[in-house]
Amino acid sequence: MAAPPPLTLPWIEKYRPRLLKDIVGNEDTIARLQVIAADGNMPNIVISGPPGIGKTTSILCLAHELLGDSFQDAVLELNASDERGIDVVRQRVKMFAQKKVTLPEGRHKIIILDEADAMTTGAQQALRRTMEIYSKTTRFALACNNSSRVIEPIQSRCAILRYGRLSDKQLLARLMELCEAEEVKYSPEGLEAIVFTAEGDMRQAVNNLQSTHAGFGFVGPDEVFKVCDQPHPLLVLEMVQRCTKGEIVPASAAMRHIYGKGYAPLDIVGTVFRVVKSMDIPEFRKLEFIKEIGETHMRMLEGVQSLVQLNGLIARLCKQCMNPKDFAP
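Residues numbered from 1 in each chain as written. Predicted model: local features only at pLDDT ≥ 70, side-chain atom pairs only at ≥ 80, totals over all residues. Heavy atoms only, no water.

Participant: Is there a simple way to think about the overall build of the chain in this case?
Facilitator: In terms of regular secondary structure, the chain is built from 16 helices and five strands. Taken along the three principal axes of its C-alpha coordinates, the chain extends 80 × 55 × 40 Å. Here the contacts in the chain between residues at least 6 apart in sequence split such that 74% fall between residues at least 24 apart. Per element, the accessible surface of the chain, about 17600 Å² overall, is 52% carbon and sulfur. Placing the 40 positive and 40 negative side-chain charges of the chain at their respective mean positions leaves the two points 5 Å apart. (Helix = DSSP H or I, 4+ residues; strand = E, 2+ residues; numbered from the N terminus. Contact = heavy atoms within 4.5 Å. Areas by Shrake-Rupley, 256 points an atom, 1.4 Å probe, with all protein chains shown as cover. Lys, Arg positive; Asp, Glu negative; His and termini not counted. Charge placed at Lys NZ, Arg CZ, Asp CG, Glu CD.)

Written out as structure tokens, the structure is:
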């Protein structure tokens, strides 16, 4: 009988940090969690911030360091994919809070509620009373993208920690570690492309790295943008540079070329924004460009996604760089 194939994990799970000191970015907030882990008396906490920056990982690392071998018995994790209405709070959460577990001195059971801002208002109202009743034995850790969607009574019962997006330097350093560990062939421009597409999201960066490596065996800029299905920034940069010279016909032709490749208009506008943000042009012009891009993006979110809208953006960008006398009556 043949041996079963070896278990393979996605890299985001395979290389998920196990200790707080291994988490990349948000050093000040991680330092506060390390103090809590050393002290052992964990308060109820809310961690808010964008996706893919280590919120859930931080809570799991903290739970591991606090509970050690008791982790499996003393931690309940509920994700947004689970049903988390008021009945779940009254049954599963309350039953776990009542459960007796032998723990080291001064330690508590931990209930992790991931994507807490997706919980119904009724469930959150029921949760606040549970937090008070079982405060001697149980602590709550909530992770969310937007803390304002967590009701005020719960926020006032918790220590609120805010995470920010990771810097390009932090992403690049971590990607190079993974490339070395997995023997990935890459070019520096390929890793820069991954950092560009990830926009501070570590999970997105690692997924893109693994997908590009699996699909092409080499991580280069062209391969990355094919996997991510985003317009190549060099094409967009050339188009915007035409706009800065007021050359509307070549710029419009470049936009039609990019649109003809099948990219979604929202993806095109998003790439234009990131390219303009990093361009070396006068500050006042960059601000005017970003204003026009933002207004176009707003119209597209309202449902007007077409080549006409994109060409209108090109026309407005070109107009910013042309002599106003050319438009005098």
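Participant: Where do I start with the packing of helix α13 (residues 248-260) against helix α16 (residues 307-320) in this structure?
Facilitator: Axis angle and axis distance: for two packed helices, these are the angle between their axes and the distance between the axes, and together they describe the pair. The contact between α13 and α16 brings their axes to 10 Å, and the two run at 150 degrees. Judged by the inter-axis angle, α13 sits roughly antiparallel to α16. Both α13 and α16 take part in a crossing whose hand is right-handed. Residues Ile248, Ala251, Ser252, Met255, Arg256 and Tyr259 of α13 lie in contact with α16, whose contacting residues are Leu307, Leu310, Asn311, Ile314, Ala315 and Cys318. Class assignment of the residues belonging to the contact of α13 with α16 gives a composition of nine nonpolar, two polar and one charged. (Axes fitted to C-alpha atoms, helices over the stretch in contact; angles between N-to-C directions. Parallel < 35°, antiparallel > 145°, perpendicular 65-115°, else oblique. Left-handed = near helix turned anticlockwise from the far one by under 90°. Nonpolar A, V, L, I, M, F, W, Y, C, P; charged D, E, K, R; others polar.)

Participant: Looking at this model, I keep getting lost on unusual backbone geometry. Mind explaining?
Facilitator: In most cases, non-glycine residues show a negative phi, while peptide bonds are predominantly trans. Of note, the phi angle at Glu183 is positive, near 55 degrees, even though the residue is not glycine. Residue placement: Glu183 occurs in the loop between α8 (168-182) and α9 (188-198). Of note, the phi angle at Asp229 is positive, near 55 degrees, even though the residue is not glycine. Relative to the helices and strands, Asp229 is located in the loop between α11 (221-228) and α12 (233-244). Owing to a relative accessible area of 45%, Asp229 belongs among the partly exposed residues under this scheme. (Buried < 20%, exposed > 50% of the residue type's maximum accessible area, 1.4 Å probe, protein only.)

Participant: I keep staring at the pairing of strand β4 (residues 138-144) and nothing clicks. Help me out?
Facilitator: Counting buried residues along β4, seven of its seven residues qualify, which places the element largely inside the surrounding structure. Both faces of β4 are covered, namely the face carrying Thr138, Phe140, Leu142 and Cys144 and the face carrying Arg139, Ala141 and Ala143. With six bridges joining them, strand β3 (residues 109-114) and β4 adopt parallel strand pairing. By the bridge assignment for β4, Ile110 is matched with Arg139. (Pairing = 2+ DSSP bridges.)

Participant: I tried to follow α16 on my own but got confused; where do I start?
Facilitator: Two residues of an α-helix separated by three or four positions point the same way, owing to the 3.6 residues in each turn. Between its first and last C-alpha atoms α16 spans 20 Å; for 14 residues at 1.5 Å apiece the expected length is 20 Å, and the two agree. Along α16, the residues that are buried comprise Gln309, Leu310, Gly312, Leu313, Ile314, Leu317 and Cys318. (Expected span 1.5 Å × (residues − 1).)

Participant: Explain the domain arrangement of the chain to me, please; I cannot follow it from the model alone.
Facilitator: Buried accessible area, meaning the area lost when the parts come together, often serves as the stated size of an interface. According to the domain assignment, the chain consists of domain 1 (11-162), domain 2 (168-228) and domain 3 (233-322). A separation of 42 Å is found between the C-alpha centroids of domain 1 and domain 3. (Domains from an automatic or database assignment.)

Participant: Looking at this structure, how should I read the sheet that holds strand β2 (residues 75-78)?
Facilitator: What holds strands together in a sheet is hydrogen bonding between their backbones, with the strands either parallel or antiparallel. Read from one edge to the other, the open sheet built from five strands follows the order β2-β3-β4-β1-β5, with strand pairing classed as parallel. Two strands close off the open sheet at either side, each with one partner strand: β2 and β5 (159-162). Across the sheet, the axes of successive neighbouring strands diverge by a mean angle of 15 degrees, strand direction being ignored.

Participant: Help me understand the packing of aromatic side chains, please; the structure alone is not making it clear to me.
Facilitator: When we look at a pair of aromatic rings, we describe it by the centre distance and by the angle of the planes. If you walk through the whole model with that rule in mind, you get one aromatic pair. Between Phe196 and Phe225, the aromatic rings sit 6.3 Å apart at their centres with planes inclined by 75 degrees, giving edge-to-face as the arrangement. Here Phe196, found in helix α9, pairs with Phe225, found in helix α11; they are 29 residues apart in sequence, far enough to count as distant. Stacked on the ring of Phe96, the Lys or Arg Lys109 has its end atom at 5.7 Å from the ring centre. If you follow Arg274 out to its NZ or CZ, it ends over the ring of Phe196, 4.7 Å from the centre. (Phe/Tyr/Trp six-rings, centres within 6.5 Å; stacked < 30°, edge-to-face > 60°. Lys NZ or Arg CZ within 6 Å of the ring centre and 35° of its normal.)

Participant: Just to check I follow, could you spell out the packing of α12 against helix α14 (residues 265-277) for this structure?
Facilitator: Running from N to C, α12 and α14 point in directions that differ by 70 degrees, and their axes come no closer than 9 Å. One element, α12, and the other, α14, form an angle in the roughly perpendicular class. Of the residues in α14, those in contact with Pro233, Val236, Leu237, Met239 and Val240 of α12 are Thr271, Val272, Val275 and Val276. Here the residues of the contact of α12 with α14 are counted per class, giving eight nonpolar, one polar and no charged.

Participant: Quick question: what am I supposed to make of the state of the cysteines here?
Facilitator: Scanning the entire structure with this criterion turns up zero disulfides. Free of any disulfide, Cys144 has its nearest cysteine sulfur in Cys158, 9.7 Å distant. For Cys144, a relative accessible area of 0% puts it in the buried group. Of the cysteine sulfurs around Cys321, a residue in no disulfide, the closest is that of Cys318, at 7.1 Å. (Disulfide = S-S within 2.5 Å.)

Participant: Explanation requested: the pattern of salt bridges in the structure shown.
Facilitator: A pair can form between side chains of opposite charge whenever their charged atoms are brought close. Applying the stated criterion to the full structure yields 10 salt bridges. Ionic pairing is found between Lys21 and Asp22, a salt bridge with its closest N-O pair at 3.5 Å. For Asp22, a relative accessible area of 36% gives the class partly exposed. Between Arg129 and Glu132 there is a salt bridge, and its shortest N-O distance comes to 3.1 Å. Of the two residues, Arg129 and Glu132 both sit in helix α6 (residues 121-133), three residues apart, roughly one turn of that helix. Here Glu132 falls in the partly exposed class, since its relative accessible area comes to 39%. When salt bridges that share partners are traced, they join Arg129, Glu132 and Arg157 into one network. (Salt bridge = Lys/Arg side-chain N within 4 Å of Asp/Glu carboxyl O.)

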